[in-house]
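Structural characterization, general
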Amino acid sequence: MKHKKRVIIIILVILIIFLFNIYKKLNNIVVLELGIFAGSMYDVPNWQSYKTFDEAIEKFQNLHPNIRIKYRSGTLKNDYSEWLAQKIINGDEPDVFCVLPGDFNTFASIGIMKNLDELIKRDKSFNINRMYLNAIKFGQFQGVQYAIPKELDPQLMFVNKTLLKKEGIQVPKGNWTWEDFYNICRKITKDTDGDGKIDQFGSVGFNWKIAVYTNGEQFFDQSGKKAMFDSKGVIEAVKFVKALNDLNQNFKVNLEDFDNGRVAFRPFSFSAYKAYKTYPYRIIKYAQFDWECIKLPRGPNGRNASELNAMLFGISSRTKHTKEAWEFLKFITYNDEIQMDVLRYSHGIPVLRDVTESKKAEEELLKYNPEEEISVDTKVLSDVVEQSVVPPRFHKYDEAVEIADREIYQIIKGDKEVEDTLIKLNSELNDFLNQ
């Protein structure tokens, strides 16, 4: 009896699939697969990660009755790259998929993502200039547009206002500099209980990469063939971070020290700012002191912004439905209402400049933080995004940065001479890049 029921169920499933395929053909229905993951793009608490996509899919399908969007739920971000890579190997990757920053260079270089330049050029209803210039660059590989950001995550500076107030120091505003930053850190860093050990610190997490970017420099040229660690600006940046580290007298400051209110400054993404400014996460993590976010300090030749992060989406170069895939990609990155949903349900900011700077965006930010005004207003966010740095894209980029990171760590923590070591490192990286 059970065997008969099982056979009947299998026959019914096959019949349903058969009838659905006939229905698709008769009605010209196209099914697109979307590749996304559960949770936050930015590793902050987010229980609404699917909501913005569910709403976008519903609205898109209402406008395009002949297109159906499906996605696999439950894939965590940590597992997403492996899942997507396996789909690519099997030749059945999604038509439209999220591309994590660590995968972008590889996917673009092996040709798995469609070149979007011609689609953008031909589509008169799509004006890419509405998007932040740096957002556009973030989806480019060697000058070709392979992906478009759905949302952005600029970097800011987290300030412990309670600690600064205790020391009689004003919170820096606007166009502050490395010199301002260092002087405050020097005043803040001290032994407060008289036991001979420093227990209050100026900063944590302001690393050499941030210093290079805030000094207006890059690690490599756009071609990926030339390292630039021997430039004056990079040498200045590494010396500055070493000077900051020396204030701590070899004490290793960590994020727990910051969470416990013993550190004045920490570089912070906007996504983390938004997540931890709202209830209940504000109470859980940062209830013991008042805090705010401001721009990063600028170096002698730089600006008050660092590297930009973004949630990228591309189209499979093997999709059988290029036209429909492009329409959906355009919808989630270019539709005003879907872009506003970024502020409603995610922790990034919209990729469309006019949406981010709109009155509606300001109201949306305040809605999720009713107890106090968010002082990082939309104009400041726009300014930070526009001034942010987009690193050059090439296949060996991540490995080259890892090599540099190991050597510069030894400079900052040890006694190696900065300039000579960086010149030697630069030569080694040039050899690696041109192998």
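Residues numbered from 1 in each chain as written. Predicted model: local features only at pLDDT ≥ 70, side-chain atom pairs only at ≥ 80, totals over all residues. Heavy atoms only, no water.

What to know about the overall build of the protein
Which entries qualify depends on this criterion: Helix and strand assignments follow DSSP, with helices taken as H or I runs no shorter than four residues and strands as E runs no shorter than two, numbered in order from the N terminus. The contact criterion used throughout is that any non-hydrogen atoms of two residues lie within 4.5 Å.
Scanning the protein from terminus to terminus reveals 20 helices and 12 strands. When contacts within the protein are restricted to residue pairs at least 6 apart in sequence, those whose partners lie at least 24 apart make up 75%.

So, the packing of aromatic side chains
Worth spelling out the cut-off: Any two rings among Phe, Tyr and Trp, with Trp reduced to its six-membered ring, count as a pair given centres within 6.5 Å; such a pair is stacked if its planes are under 30 degrees apart, edge-to-face if over 60, and tilted if neither. For the exposure calls, accessible area comes from a 1.4 Å probe over protein chains only, and a residue counts as buried if that area is under 20% of its type's maximum, exposed if over 50%, partly exposed in between.
As enumerated under the stated definition, the model contains 31 aromatic pairs in all. Centre to centre, the rings of Trp178 and Phe240 are 4.5 Å apart; their planes meet at 10°, and the pair counts as stacked. A residue pair is termed long-range when its members are at least 10 positions apart, and Trp178 in helix α8 (residues 178-188) and Phe240 in helix α10 (residues 232-246) qualify at 62 residues. In this pair, the class of Trp178 matches that of Phe240, namely buried. Measuring from ring centre to ring centre gives 5.8 Å for Phe220 and Phe229, while their planes differ by 70°; the resulting arrangement is edge-to-face. Given the relative accessible area of 0%, Phe229 is considered buried. Among the aromatic side chains, those forming a connected cluster through ring pairs are Trp208, Tyr213, Phe219, Phe220, Phe229, Phe394 and Tyr397.

What about the side chain of Asn215?
With respect to the element layout, Asn215 can be found in the loop between α9 (208-214) and α10. By relative accessible area, which is 0% here, Asn215 ends up buried. Apart from residues lying up to four places away in sequence, Asn215 is in contact with Trp178, Gly233, Glu236, Gly299, Pro300, Asn301 and Gly302.

Section: the nonpolar core
Heads up, the rule is: Each nonpolar core is a collection of buried residues, namely Ala, Val, Leu, Ile, Met, Phe, Trp, Tyr and Cys, held together in the definition by side-chain atoms within 4.5 Å.
Judged by nonpolar contacts, the single largest core of 88 residues is most densely connected at Leu34, Met113, Met131, Leu152, Phe313 and Phe328. In terms of residue count, the dominant contributor to this core is helix α14 (residues 322-334) (7 residues). Setting aside anything within four residues of it in sequence, one finds Leu34 in contact with Phe53, Ile57, Ile69, Lys70, Tyr71, Arg72, Pro94, Val96, Phe313 and Phe328. Counting residues in each nonpolar core, the second largest holds 49 residues, with Ala237, Leu244, Ile408 and Leu425 among its members.

Here's the deal with the confidence of the model for the protein
Filter applied, for reference: Each residue gets a pLDDT score, which is the predictor's confidence in that residue and runs from 0 to 100.
Per-residue confidence for the protein gives a mean pLDDT of 88; residues scoring 70 or more make up 89%. Confidence over residues 279-284 falls short of pLDDT 50; this stretch has 11 contacts with residues more than four positions distant or in other chains.

Overview of unusual backbone geometry
A positive phi angle, near 50°, is found at Gln142, a position not held by glycine. Looking at where Gln142 falls in the secondary structure, it is placed in the loop between β4 (140-141) and β5 (144-145).

Topic: the packing of helix α2 (residues 51-63) against α14
In plain terms, the rule: Convention adopted: a line fitted to C-alpha atoms gives each axis, helices being fitted over their contacting stretch, and angles between N-to-C directions are expressed from 0 to 180 degrees. For this classification, under 35 degrees means roughly parallel, over 145 means roughly antiparallel, 65 to 115 means roughly perpendicular, and everything else is oblique. What makes a crossing left-handed is the near helix being turned counterclockwise from the far one by less than a right angle; a clockwise turn instead makes it right-handed. Just so you know the grouping, Ala, Val, Leu, Ile, Met, Phe, Trp, Tyr, Cys and Pro go in nonpolar, Asp, Glu, Lys and Arg go in charged, and all remaining residues, Gly too, go in polar.
Packing of α2 against α14 brings their axes to within 11 Å, and their N-to-C directions diverge by 130°. When the axes of α2 and α14 are compared, the pair comes out oblique. Every pair of crossing elements has a handedness; the one defined by α2 and α14 is right-handed. Each of Ala56, Ile57, Lys59, Phe60 and Leu63 in α2 lies in contact with α14, whose residues at this interface are Glu324, Glu327, Phe328, Phe331 and Ile332. Classifying every residue of the contact of α2 with α14 gives 7 nonpolar, no polar and 3 charged.

A short note on the sheet that holds strand β12 (residues 349-350)
Definition in use: For two strands to be treated as a pair, DSSP must find at least two bridges joining them.
Spatially, 6 strands are ordered β2-β1-β3-β11-β6-β12 in an open sheet, and the strand pairing comes out mixed. Here the strands that pair on one side only, and so sit at the sheet edges, are β2 (67-71) and β12. Here 6 bridges tie strand β6 (residues 147-153) to strand β11 (residues 309-315), and the two strands are oriented antiparallel to one another. Looking across to β11, one finds that Asp153 is bridged to Asn309. Docked against the sheet, α14 engages β1 (30-35), β2, β3 (96-99), β6 and β11, running at close to 20° with respect to β6.

Observations concerning the packing of α10 against helix α20 (residues 418-433)
With their axes 10 Å apart at the nearest point, α10 and α20 run at an angle of 130° to one another. Overall, the two elements α10 and α20 adopt an arrangement that is oblique. Classified by chirality, the crossing of α20 by α10 is right-handed. Residues Val234, Ile235, Val238, Lys239 and Lys242 of α10 pack against Val418, Glu419 and Leu422 of α20. Its residues assigned to classes, the contact of α10 with α20 shows 5 nonpolar, no polar and 3 charged.

Notes on the sheet that holds strand β10 (residues 291-294)
Taken in spatial order, the 4 strands line up as β8-β9-β7-β10 in an open sheet, and their pairing is mixed. Looking at the sheet topology across the chains shown, the edges are occupied by β8 (201-203) and β10. Taken over all neighbouring pairs, the strand axes of this sheet differ in orientation by 25° on average, direction set aside. Across 5 bridges, the pairing between strand β7 (residues 155-160) and strand β9 (residues 263-269) is antiparallel. Paired with Phe158 across the strands is Arg266, a residue of β9.

Comments concerning helix α15 (residues 336-345)
Our working definition: Under the rule applied, a polar contact is a pair of N or O atoms within 3.5 Å (in protein, one hydrogen donor and one hydrogen acceptor; residues adjacent in sequence only if both atoms are side-chain atoms).
Of all the 10 residues making up α15, 8 are buried; the element is thus mostly covered by neighbouring parts of the structure. Residues Ile338, Gln339, Met340, Asp341, Val342, Leu343, Arg344 and Tyr345 constitute the buried set of α15. Two or three places before Glu337, at the start of α15, stands the capping residue Asn335, its side-chain oxygen 3.0 Å from that residue's backbone nitrogen.

Side note on helix α3 (residues 77-90)
To be explicit about the condition: The span one expects for a helix is its residue count, reduced by one, times 1.5 Å.
End to end, α3 covers 20 Å across 14 residues, agreeing with the expected 20 Å (1.5 Å per residue, within 8%). Packing partners of the buried residues in α3 comprise β1, β3 and α4 (101-110). Just beyond α3, the residue with positive phi is Gly91, at close to 80°.

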